[in-house]
Amino acid sequence: MVATALIKDSFPTSELTLCTRHLSENVTRHLRTKVGVNDKNAKQILSDLFGDNGLIEADTTVDFSTKVTDIERKYEDLVGPYLTQKVIPTIRDYVYNARKTESRIPLQWKNNNCESINHILKLNQDWKPEKLPELINKIHKEIKLQESLVNGALYGHGDFELSSSVLMSPEGRVSVALSGARHIGPKATTFYIKKQPSMDWRQLQQSISRQLGLSIMSDHYV
């Protein structure tokens, strides 16, 4: 599970648990579309996994192991390795063990509250789903806007000015940052140019100004 691995890598000291409703929906979808289990058997499997007396309700290690053995015996021929290799390890790691490690995690935890606040935030921001080409166009416009801001700063006009700080990389490239926004708040945009060893900062700035802005240096724009 890529998402859980990334979360654990970013928050190594946090206990990760998964929503039992989403787990149940994933199992239901797999049983019906990938395995072809009929509704009666699918309902029984879901009950043994997520029901009131199911696997996720196990209270002790012995109880959990007993339920696992019973599930494997009943459904191995029907479902194959899906339950034993995928579903049960996920429930063990991200439901049972998580609840044992962090006592504040309740039985049958669901992320309904997270979904609700996410919906409220979307409404507050007037969020709407958009198609990929529209997203790409907006990102392109934002980049072009940043280029024009840098270009204006090179010639001494606009809302930004060049910072006097210069960061030299081992390859001899110079990082020039924008700073000192006068109207629209702080912003930082960085691009890279090649600096000759004999140039000081003033000569470098004059050299930039003699060029046609980012139309020449766009290959080094970050």
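Predicted model only: the values in this text are computed from it and were never measured.

**Focus: a nonpolar patch on the surface**
Turning to step 1, where the next piece is worked out: Together, L132, L135, I136, I139 and I143 give the surface a local cluster of nonpolar side chains, amounting to about 460 Å² of exposed area.
Turning to step 2, where the next piece is worked out: Mapping I136 onto the fold places it in helix α7 (residues 132-154).

**Focus on the nonpolar core**
Turning to step 1, where the next piece is worked out: Counting 27 residues, the largest nonpolar core has V27, L49, F50, L55, L83 and I91 as the members making the most contacts within it.
Turning to step 2, where the next piece is worked out: Contributing elements (two or more residues each) for this core: α2 (20-35), α3 (39-50), α4 (61-79) and α5 (82-101).
Turning to step 3, where the next piece is worked out: Ranked by residue count, the leading element in this core is α5, at eight residues.
Turning to step 4, where the next piece is worked out: Those residues in contact with L55, other than ones at most four positions away along the chain, are D48, L49, F64, K67, V68, I71, I88 and I91.

**Description of the packing of α2 against α5**
Turning to step 1, where the next piece is worked out: α5 packs onto α2 with a crossing angle of 175° between their chain directions and a minimal axis gap of 12 Å. Compared by their axis directions, α2 and α5 come out roughly antiparallel. Taken together, the residues of α5 that come into contact with α2 (itself represented by T20, L23, N26, V27 and H30) are Y82, V87, T90 and V95.
Turning to step 2, where the next piece is worked out: When grouped by side-chain class, the residues that make up the contact of α2 with α5 number five nonpolar, four polar and no charged.

**Description of the packing of aromatic side chains**
Turning to step 1, where the next piece is worked out: Tallied over the entire structure, the rule returns one aromatic pair.
Turning to step 2, where the next piece is worked out: Sitting over the face of the ring of W127, K122 holds its NZ or CZ atom 4.3 Å from the ring centroid.

About the criteria used
- Residues numbered from 1 in each chain as written.
- Predicted model: local features only at pLDDT ≥ 70, side-chain atom pairs only at ≥ 80, totals over all residues.
- Heavy atoms only, no water.
- Patch = residues over 30% accessible without salt bridge, like charges linked within 9 Å, V, L, I, M, F, W, Y side chains within 5 Å.
- Areas by Shrake-Rupley, 256 points an atom, 1.4 Å probe, with all protein chains shown as cover.
- Salt bridge = Lys/Arg side-chain N within 4 Å of Asp/Glu carboxyl O.
- Helix = DSSP H or I, 4+ residues; strand = E, 2+ residues; numbered from the N terminus.
- Core = buried A, V, L, I, M, F, W, Y, C linked by side-chain atoms within 4.5 Å.
- Buried < 20%, exposed > 50% of the residue type's maximum accessible area, 1.4 Å probe, protein only.
- Contact = heavy atoms within 4.5 Å.
- Axes fitted to C-alpha atoms, helices over the stretch in contact; angles between N-to-C directions.
- Parallel < 35°, antiparallel > 145°, perpendicular 65-115°, else oblique.
- Nonpolar A, V, L, I, M, F, W, Y, C, P; charged D, E, K, R; others polar.
- Phe/Tyr/Trp six-rings, centres within 6.5 Å; stacked < 30°, edge-to-face > 60°.
- Lys NZ or Arg CZ within 6 Å of the ring centre and 35° of its normal.

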